[in-house]
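Residue-level listing of the chains:
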Amino acid sequence: MTYARIAGTGGYLPQKVLTNSDLEKMVDTSDQWIQERTGIKKRHVAEEGETTCDLAEQASLRAIEAAGIDASEIDLIVMATTTADQVFPSTACLLQRRLGIRGCPAFDVQAVCTGFIYAVAVAEKFIKAGGIRNALVVGAETFSRIIDWTDRDTCVLFGDGAGAVVLQASDAAGIISTHLHADGEYKDLLQVPAGISNGYAQVREGNAFTEMRGNEVFKIAVTTLGRIVDETLEANNMQKSDVDWLIPHQANIRIINATARKLKIPMDQVVVTVGEHGNTSAASVPLALDVAVRDGRIKRGETLLMEAFGGGFTWGSVLLTY
Ligand code: ACO
């Protein structure tokens, strides 16, 4: 049986930092409010001219190095992003060019904050089907570009960043199962209402911003994330106690705490990085994974559960042996 196992991880945050006290000067908010309601202390934002592909490139180079392979050995690139550099080509194609490789399939996946989970699930199926040995899976965002920095309801929550993994075909256990869902009925609760074929003028003028009904999103996120964990464990006849690490989408510490409480998973088995970079959408799960791998918390052979929830709504999970 062929598994897809994580051979290497990488993460990258842009240099420019926006603290809560910086935001106090921009909108009517306070460090105390932001920390109490979200757990976020700071976020990183791309400089003018710094793009999603720039961040993705740095995270990818680190993941490739950690996997001990050469970029030329990559057979597939799947990029999760909501904030593509260009209308086309896909950011995956732009990344392929940066990495100096040619010919392998490369495409983007759009599932907002669940994007990385979707991308891993897609890449895993390619590996299992045969023919792909090394897949580069990236979650990268410059969400700061679709944030109205005068809207305190949203601007305190988001940041930019990128995370990547090399998924490698292996006889040893890797990804155990993936679970993906979506429900477009909820499209209005969290959205950028303008796009290429609808309201393009807004996009061109840089006025296409994230709108969110935060309270409603919060409640549905907590319930849904609890359900997806139960679904994942049931599908594999596993108990909550079988999970060594929960790596949740990093949107809000209160969502993470509530999910962990519901699942009776102690917080010292939950990877939390939201305080350091805010909600980086598709980059959030691979960034958290990379931090805990590099600081030695996550070890080979341990069972990891990654889960996310985002615009659409979309939600999903990946259960794996690291
Ligand atoms: N600073 C100060 N006050 C604020 C701010 C701010 N940045 N934003 C809102 N407020 C005020 C509100 O105006 C309101 O004032 P009022 O009581 O006078 O009307 C008060 O704070 C409380 O507002 P609520 O919206 O009820 O605050 P809540 O506790 O729900 O927290 C938050 C808001 C943080 C947005 C929360 O609802 C949330 O985290 N929702 C989930 C959203 C999310 O994470 N989305 C990301 C994408 S989906 C995902 O990734 C899971």
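As a convention, each chain's residues are numbered from 1 in the sequence order in which they are written. Where totals are concerned, whole chains, interfaces and linings use all residues; where local detail is concerned, this predicted model gives features only for residues with pLDDT of at least 70, and gives and counts side-chain atom pairs only at 80 or more. Each side-chain value is worked out from all heavy atoms of the structure, with water and hydrogens disregarded.

Bringing helix 8 (residues 214-235) into the picture now. The numbering of helices and of strands both runs from the N terminus, where a helix is a DSSP run of H or I of at least 4 residues and a strand a run of E of at least 2. By this rule the span expected of a helix is its residue count minus one, scaled by 1.5 Å. A rise of 1.5 Å per residue sets the reference length of helix 8, with its 22 residues, at 32 Å; its end C-alpha atoms lie 31 Å apart and thus fit the reference within 8%. Here helix 8 has its buried residues at V217, A221, V222, T224, L225, G226, I228, V229, T232 and L233. A 1.4 Å probe rolled over the protein chains alone gives each residue an accessible area, and that area as a share of the maximum for its type sets the label: buried under 20%, exposed over 50%, partly exposed in between.

Once that is clear, we can look at the packing of aromatic side chains. Aromatic pairing here means that ring centres of Phe, Tyr or Trp (its six-membered ring) are within 6.5 Å. Orientation follows from the plane angle: under 30 degrees is stacked, over 60 is edge-to-face, and everything else is tilted. Inspection of every chain in the model, using the stated rule, returns four aromatic pairs. Relative to F158, the ring of F143 has its centre 4.9 Å away and its plane inclined at 20 degrees; by these criteria the two rings are stacked. Placement of F143 in the loop between strand 6 (134-142) and helix 6 (152-155) and of F158 in the loop between helix 6 and strand 7 (160-170) is noted, with a sequence separation of 15 residues between them. The class of F143 is buried, set by a relative accessible area of 4%. Taking 5.0 Å as the distance between ring centres and 20 degrees as the angle between the ring planes, the aromatic pair formed by Y186 and F313 counts as stacked. Within this pair, whereas Y186 is found in the loop between strand 8 (175-182) and strand 9 (190-191), its partner F313 is found in the loop between strand 12 (303-310) and strand 13 (314-321), the two being separated by 127 residues in sequence. Judged by its relative accessible area of 31%, Y186 is partly exposed. An aromatic cluster of three or more residues is present, and its members are Y186, F309 and F313. The ring of Y322 has R300 lying over it, and the distance from NZ or CZ to the ring centre is 3.9 Å. Charge over a ring is defined by NZ of Lys or CZ of Arg lying within 6 Å of the ring centre and within 35 degrees of the ring normal.

Being near a molecule or strand, for a residue, comes down to having at least one heavy atom within 4 Å of it. Among the 23 residues in the neighbourhood of the ligand, the closest are listed as T29, R37, N215, H249 and N252. Two N or O atoms count as a polar contact when they lie within 3.5 Å, although within protein this holds only if one can serve as hydrogen donor and the other as acceptor, and sequence-adjacent residues are included solely when both atoms are side-chain atoms. Within the side chain of D153, an N or O atom sits 3.4 Å from a nitrogen atom of the ligand. Those elements that place two or more of their residues in the shell around the ligand are helix 2 (31-38), helix 6, helix 8 and helix 9 (253-263). For the shell around the ligand, the element with the highest residue contribution is helix 8, accounting for four residues. Classifying every residue of the shell around the ligand gives 11 nonpolar, seven polar and five charged. Annotation comment: domain bounds sourced from an automatic or database domain assignment. Two domains share the shell around the ligand, each providing at least three of its residues, namely domain 1 (3-171) and domain 2 (177-321). Following the grouping adopted for this structure description, the nonpolar residues are Ala, Val, Leu, Ile, Met, Phe, Trp, Tyr, Cys and Pro, the charged ones are Asp, Glu, Lys and Arg, and the polar ones are all others, Gly among them.

Before going further, it helps to spend a moment on the pattern of salt bridges. By salt bridge we mean one thing: a side-chain nitrogen of Lys or Arg within 4 Å of a carboxyl oxygen of Asp or Glu. Applying the stated criterion across every chain, the model contains 12 salt bridges. We note a salt bridge from K42 to E276, for which the minimum N-O separation is 3.6 Å. Remark: E276 occurs in helix 10 (residues 274-277) and K42 occurs in strand 3 (residues 42-44); sequence separation between them is 234 residues. Given a relative accessible area of 24%, K42 falls into the partly exposed group.

Everything listed here is a matter of geometry and, on its own, says nothing about what the molecule does.
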